[in-house]
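Structural features, examined
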Amino acid sequence: MTAAVSTTCPYCGVGCGVRATVTGARTVEIAGDPGHPANGGRLCSKGTHLGETVGLEGRLLHPMIGDRRATWDEAMDVIARRFSHAAARVGPDSVAFYVSGQILTEDYYVANKLMKGFIGSGNIDTNSRLCMSSAVSAHLRAFGEDVVPACYDDLDQADLIVLVGSNTAWCHPIVWQRIEAARAARGTRLVVIDPRRTETADLADLHLALRPGSDVALFNGLLAALSARNALDPAYLAAHVAVPDGFWHRVIADSDPARTAATCDLPRADLETFFDLVAAFPRTVTLFSQGVNQSTQGTDKANAIINVHLATGRIGKPGAAPFSITGQPNAMGGREVGGLASTLAAHMDFAAENVDRVGRFWNAPHMATGPGLKAVDLFQAVGEGRIKALWIMATNPAVSMPDAGAVRAALATCPFVVVSDVMADTDTGRFAHVRLPATAWGEKDGTVTNSERMISRQRPFFPPPGEARPDWRALADVAGRMGHRAAFGWRSVAEVFDEHSRLTAFENDGARQLDLSPLIGLDETGYGALQPTRWGSVRAFADGRFSTADGRARMVAVTQAPLAANAMTLNTGRYRDQWHTMSRTGLSPRLSQHRREPLVEIHPDDAVRLGLVENHLATATTAQGCSVFRVSVTDAQRRGEAFVPIHWTDRTGSGGRAGLLPDASVDPVSGQPGFKLTAMTLSRLETEWRAFLIVRGTRAIAPDCVWWAAAAVAGGRLVELAGDGDPAVLEALLPNGERMTAVDRARGSLRTAVLNEGRLQGALFVARGGSLPGRDWLIAQLSEAAAPAGLLAGRAPGQTVDRGPIVCACFDVGARTILAAIAAQSLTTVTEVGTALSAGTNCGSCRPAIAKLIAA
């Protein structure tokens with residue numbers, strides 16, 4: 001066992017410190033880093049189980065040109081030639097990069113420098129466009145610079161926390177733990193604004209289940225109410241904020257409480273309670289996330305929130321700030337180096353003086369002079385044949401983009417597509433002409449910036465497998481072959497970081513808060529030892545001076561856009577234990593137990609109206625496409641609204657592909673797609689049989705049937721299936737070995753188990769009308785000597801205990817186990833359940849779910 005390596009979690013924007021202790025060739029023990037200020041040693045379920053995702057299963061280990069293994073030299077030559085040829089023949093805007101919030105700041109910096117300074121196009125955008133670009137635009141409009149003014153300490157010091165469009169307990173569990181701690185320590189009040197009654201909302205003092213998309217009306221109504229309650233800060237406004245003419249007249253005239261309540265579809269009393277709370281507590285943090293950003297009015301929503309904080313002077317003070325929390329581990333680092341098509345490096349835009357400044361610093365021969373194509377526009381340009389060469393890095397747009405079917409069609413027609421990825425087979429990789437093996441977490445070396453502007457190191461503890469290389473190195477190599485070797489000749493990643501730091505300081509003179517002067521000159525030793533470092537002051541704008549020409553912030557006049565009256569509206573989002581398209585979290589058996597299938601969640605009244613039943617299948621259809629989900633009926637959904645997860649791909653199921661459903665509408669300012677409000681229909685899908693398949697090992701399975709969904713389990717895979725015709729064809733999916741089969745033709749059931757030397761290799765259970773047995777006992781037989789007497793029954797001889805759906809992924813505790821303990825031991829608190837079962841005592845992600853079971 002080697003010494004622990006301090007690194008940073010690769011998932012969300014909280015940026016938790018991790019201690020990784022290598023225990024074998026590809027095994028590692030994971031613990032939270034108690035010395036990291038973002039998490040103080042805590043980790044969520046995804047971070048806790050990082051050790052289950054570092055194997056080489058499915059990895060891309062060598063460059064590939066088409067289906068042929070190639071050398072790096074061959075691949076680099078082809079890429080350089082095709083990009084150079086397209087830029088020379090058609091123009092620089094005929095090429096594009098589409099990168100990711102998963103890559104490191106140094107990777108981002110090199111990609112941005114190559115495209116904007118040396119190819120001469122602004123066509124580099126990122127999947128962070130889908131995550132937080134509306135917050136960026138709102139910051140720019142209000143502050144003059146893309147700066148998050150808050151830090152996590154503000155959550156500890158707030159008296160009121162308002163969560164807007166943020167299922168924090170699931171999506172940012174460590175932040176949620178800080179909120180829980182603040183509530184316990186100082187009685188901090190919590191308001192959750194979300195159409196869904198999520199587990200976060202379940203625990204709030206007040207939940208406003210507003211009409212989707214009505215956030216601007218709500219915060220304009222709040223602003224008017226604060227004015228009426230004399231809760232504004234006239235002195236701060238006068239000294240530090242520019243207010244447009246007629247601003248207050250319009251807000252007050254359009255936002256009386258009755259009108260706001262009607263627009264937002266909220267009880268007037270709840271609305272007044274919210275207004276009273278905000279008026280009463282100057283220490284208010286408003287934390288917002290994808291529920292605000294992923295909207296065709298996302299920028300206006302964010303500015304409506306910021307307006308409240310500016311008008312009350314609640315910014316740059318302990319426990320008082322608007323706080324946009326990012327979804328990705330390095331969305332912020334990308335923002336710093338100009339990874340968005342709409343920005344230039346070091347928090348500069350495309351103003352002529354900035355183009356000149358960056359061009360001189362880079363000694364760049366072909367500076368882009370204007371913004372490039374944002375993500376949706378970029379893939380539309382691919383489909384229209386305007387992009388001749390595209391390099392996609394560490395992201396899966398064939399799944400994650402809105403109207404993903406159109407994106408796939410576009411990729412299929414693009415003359416040249418390069419994909420850099422850690423995985424050999426992804427939905428996007430299937431469109432690639434060249435695939436490059438990238439380094440994964442545990443092999444990467446560089447920096448990331450979290451949601452509170454804290455730069456942390458991601459350090460390697462495994463050597464790159466096969467021929468995998470860092471993204472920055474591949475980009476620099478291609479740049480050299482395109483004739484720019486002198487500008488891309490770094491010998492180490494530390495030198496890339498140093499150049500990035502120098503650019504932030506170059507002719508800055510206090511104009512931009514992003515200034516990494518203190519980090520300039522780090523050699524490799526200093527870079528290697530770099531400790532978490534926040535740029536800017538702890539609380540930005542604490543002195544009341546903003547990054548605008550006159551130093552004053554801007555109130556931005558925003559009005560509520562008309563809301564469509566759809567019979568059914570689709571909302572998309574994340575599950576607690578999965579990340580993006582599951583290429584890494586999907587490898588973890590424990591993380592796969594929380595939700596083994598993609599569900600469409602609907603209100604009970606809608607289920608009755610549509611003839612849908614819990615656990616049956618349904619087809620969700622929009623103007624863009626359709627996808628199949630299993631139905632989950634819950635009163636946590638508003639009537640007329642449905643929720644589906646974003647994670648499933650062609651690799652993990654035939655249905656559940658949420659990206660096929662939303663349209664490509666975007667926010668007019670930020671270009672961020674609106675994933676939350678898509679008109680849809682939902683109809684029951686009947687099949688002749690249902691089945692499940694359990695197989696040992698990790699081989700990919702793609703059954704030919706109406707619907708299937710696969711999940712990792714201990715020792716193998718579980719595949720749920722449904723279809724028509726003769727299900728016996730599914731037996732071909734079972735491995736070789738000694739077969740045991742039982743057929744009940746009267747009931748239409750088929751059960752087959754396959755053994756080899758007494759160990760279960762696979763099992764197939766089919767039912768046409770009756771029920772199927774539970775899966776857990778059969779899955780357990782993959783990890784231990786099988787009990788043949790019980791295999792075809794699907795349970796051990798004698799009495800067995802059904803744990804129910806897994807609630808606590810850390811300690812593998814199911815819902816029925818928790819309910820039984822609550823009843824038997826008269827448990828009344830989450831802490832008592834933790835003492836009895838350990839559930840909820842590690843990462844804490846399941847604590848809201850446990851609280852819900854106690855309240856049931």
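Going by the structure above, here's the rest.
Reading the values: rules and limits
- Residues numbered from 1 in each chain as written.
- Predicted model: local features only at pLDDT ≥ 70, side-chain atom pairs only at ≥ 80, totals over all residues.
- Heavy atoms only, no water.
- Helix = DSSP H or I, 4+ residues; strand = E, 2+ residues; numbered from the N terminus.
- Rg over C-alpha atoms; globule rule 2.2 N^0.38 Å.
- Areas by Shrake-Rupley, 256 points an atom, 1.4 Å probe, with all protein chains shown as cover.
- Lys, Arg positive; Asp, Glu negative; His and termini not counted.
- Charge placed at Lys NZ, Arg CZ, Asp CG, Glu CD.
- Axes fitted to C-alpha atoms, helices over the stretch in contact; angles between N-to-C directions.
- Parallel < 35°, antiparallel > 145°, perpendicular 65-115°, else oblique.
- Left-handed = near helix turned anticlockwise from the far one by under 90°.
- Contact = heavy atoms within 4.5 Å.
- Buried < 20%, exposed > 50% of the residue type's maximum accessible area, 1.4 Å probe, protein only.
- Pairing = 2+ DSSP bridges.
- Phe/Tyr/Trp six-rings, centres within 6.5 Å; stacked < 30°, edge-to-face > 60°.
- Salt bridge = Lys/Arg side-chain N within 4 Å of Asp/Glu carboxyl O.

**Side note on the overall build of the chain**
- Within the chain one finds 29 helices and 35 strands.
- In terms of C-alpha radius of gyration, the chain reaches 27 Å, essentially the compact-globule figure of 29 Å for 856 residues.
- Projected onto the principal axes, the alpha-carbon positions of the chain cover approximately 80 × 70 × 50 Å.
- As presented, the chain carries roughly 29,300 Å² of accessible surface, and 51% of it is formed by carbon and sulfur atoms.
- Across the chain, the mean location of the 84 positive side-chain charges is 1 Å away from that of the 85 negative side-chain charges.

**Remarks on the packing of helix α3 (residues 105-119) against helix α22 (residues 493-505)**
- Two elements in contact, α3 and α22, have axes whose closest approach is 9 Å; the angle formed by their N-to-C orientations is 65°. In terms of their interaxial angle, α3 and α22 are classed as roughly perpendicular. For the element pair α3 and α22, the recorded crossing hand is left-handed. Across the interface between the two elements, Thr105, Glu106, Tyr109, Val110 and Lys113 from α3 touch Val493, Val496, Phe497, Glu499, His500 and Leu503 from α22.

**A look at the side chain of asparagine 127**
- Note on placement: asparagine 127 falls in the loop between β7 (124-126) and α4 (133-143).
- Judged by relative accessible area, which is 6%, asparagine 127 ranks as buried.
- Contact partners of asparagine 127, with chain neighbours within four places excluded, come to Tyr98, Val99, Ser100, Gly101, Gln102, Gln328, Ala394, Thr395 and His580.

**Details of the sheet that holds strand β3 (residues 27-32)**
- Read from one edge to the other, the open sheet built from three strands follows the order β1-β2-β3, with strand pairing classed as antiparallel. Single-partner strands in this sheet number two, and they are β1 (5-8) and β3. If you compare each strand with its neighbour and ignore which way they point, the axes differ by 40° on average.
- Bridging between β1 and strand β2 (residues 17-24) involves four bridges; their strand directions are antiparallel. By the bridge assignment for β2, threonine 8 is matched with glycine 17.

**Focus on the packing of aromatic side chains**
- Tallied over the entire structure, the rule returns 23 aromatic pairs.
- On the basis of an interplanar angle of 85° and a centroid distance of 6.4 Å, the ring pair of phenylalanine 219 and phenylalanine 274 is categorised as edge-to-face. In this pair, phenylalanine 219 sits in helix α9 (residues 215-228) while phenylalanine 274 sits in helix α13 (residues 268-280), placing the two residues 55 residues apart along the sequence.
- When the centroid spacing of 5.4 Å and the interplanar angle of 45° are considered together, the rings of phenylalanine 497 and tyrosine 527 count as tilted.

**Considering the pattern of salt bridges**
- Across all of its chains, the model carries 54 salt bridges by this definition.
- When the shortest N-O distance is used, the salt bridge between arginine 59 and glutamate 443 registers 3.0 Å. A residue pair is termed long-range when its members are at least 10 positions apart, and arginine 59 in the loop between α1 (45-48) and β4 (64-65) and glutamate 443 in the loop between β16 (434-437) and β17 (446-449) qualify at 384 residues. As far as burial versus exposure is concerned, arginine 59 and glutamate 443 are alike and both buried.
- Linking aspartate 606 and arginine 609 is a salt bridge whose minimum nitrogen-to-oxygen distance equals 2.9 Å. With aspartate 606 and arginine 609 both in helix α24 (residues 604-610) and three residues apart, the pair spans about one turn of that helix.
- Take aspartate 606: its relative accessible area is 4%, and that puts it in the buried class.
- Accessibility expressed as a relative area gives 49% for arginine 609, which makes it partly exposed.
- A cluster of three or more residues bridged by salt bridges with shared partners is formed by Arg408, Asp425, Asp427, Arg430, Asp650, Arg651 and Arg657.

**Points about unusual backbone geometry**
- Positive phi is not limited to glycine here, since phenylalanine 541 has a value of about 65°.
- Mapping phenylalanine 541 onto the fold places it in the loop between β19 (533-534) and β20 (553-554).
- In this structure, glutamate 757 is a non-glycine residue whose phi angle is positive, near 55°.
- When you line up the elements, glutamate 757 lands in the loop between β32 (749-756) and β33 (759-767).
- Overall, glutamate 757 belongs to the exposed group, its relative accessible area being 78%.

It is worth stressing that arrangement in space is one thing and function is another; only the former is reported here.
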